[in-house]
Amino acid sequence: MVISNIVIIFAENNYNMSLLQDMPMFGNNANSISQSSVGSNTGMGYFLNYLNILEGVKTRVKNVHWAAKRLPNSDRLGAHRLLDDLLSLVSDFQDLVAEQSMGHYGPIEMNSVQGVSFQASTPKELLEYIYGATSSFYDSIPQNDCFIGIKSECEVFIGEIKKLFYLFNLTE
């Protein structure tokens, strides 16, 4: 899975974001996301885009979880349980990203978090998408002391995703 990079332009403590039109990590909704969640393209818009991705991930994880009987895994119950773990991990991480970004930019507007739709039918596809989107987000976090905490949390989250790759492989 290929994830294009996000372009960040630093301008006096605000980070303006230009979305590339062909960004697969934003699915077919790139224009609606860039207009609805980014708003004025402030630094908070950058974080909102990623929060929207994580919101979409939570929906897709539940969908795959509920369809566990249709998974190609030989241990479907194990995969079903690991999907619960994945959902908790993503939910906790999304909350952390939201709260840390609000600590820097202030509160998130009502109704600004809306899940980004994407396709994934297996735990491996989910994990590849999460890993790619999070790596792209991590690589694009500005090199600024204000973001040290969020960068380290991303590293921990990516490590947990790698661990889940291994655990899901045990269910195949």
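Check the entry above for the structure.
Attention here is on the structure that accompanies the text.

Criteria and thresholds
Residues numbered from 1 in each chain as written. Predicted model: local features only at pLDDT ≥ 70, side-chain atom pairs only at ≥ 80, totals over all residues. Heavy atoms only, no water. Helix = DSSP H or I, 4+ residues; strand = E, 2+ residues; numbered from the N terminus. Buried < 20%, exposed > 50% of the residue type's maximum accessible area, 1.4 Å probe, protein only. Contact = heavy atoms within 4.5 Å. Expected span 1.5 Å × (residues − 1). Polar contact = N/O pair within 3.5 Å; in protein donor to acceptor, adjacent residues only side chain to side chain. Salt bridge = Lys/Arg side-chain N within 4 Å of Asp/Glu carboxyl O.

Before going further, it helps to examine the overall build of the protein. Looking only at helices and strands, the protein has five helices and two strands in total. When the helices and strands of the protein are listed from N to C terminus, the series reads β-β-α-α-α-α-α. Looking at the protein as a whole, 47% of its 172 residues qualify as buried. Put simply, 70% of the contacts in the protein that link residues at least 6 apart link residues at least 24 apart.

Turning our eyes to something else, we now look at helix 3 (residues 76–105). Counted at 1.5 Å a residue, the expected span for helix 3 with its 30 residues is 44 Å, and the 42 Å between its end C-alpha atoms agrees. Directly beyond the C-terminal end of helix 3, a positive phi value near 100° is found at G106.

Our focus in this paragraph is the environment of N169. The residue N169 is located in helix 5 (residues 148–169) in this model. Judged by its relative accessible area of 45%, N169 is partly exposed.

What follows concerns the side chain of K58. Positionally, K58 belongs in helix 2 (residues 43–66). One polar contact links K58 to Q94, side chain to side chain, over a distance of 2.7 Å. Contacts of K58, omitting those with residues within four sequence positions, involve L87, V90, S91 and Q94.

Moving on: the pattern of salt bridges. Between side chains of opposite charge, a pair can form when the charged atoms approach closely. Tallied over the entire structure, the rule returns three salt bridges. Between K58 and E55 there is a salt bridge, with the nearest N and O atoms lying 3.1 Å from each other. In this pair, K58 and E55 both sit in helix 2, three residues apart, roughly one turn of the helix. Put simply, E160 and K163 hold a salt bridge, and the shortest N to O gap is 3.2 Å. One end of the pair, E160, and the other, K163, are both in helix 5, three residues apart, so they sit about a helical turn from each other. For E160, a relative accessible area of 28% translates into the label partly exposed.

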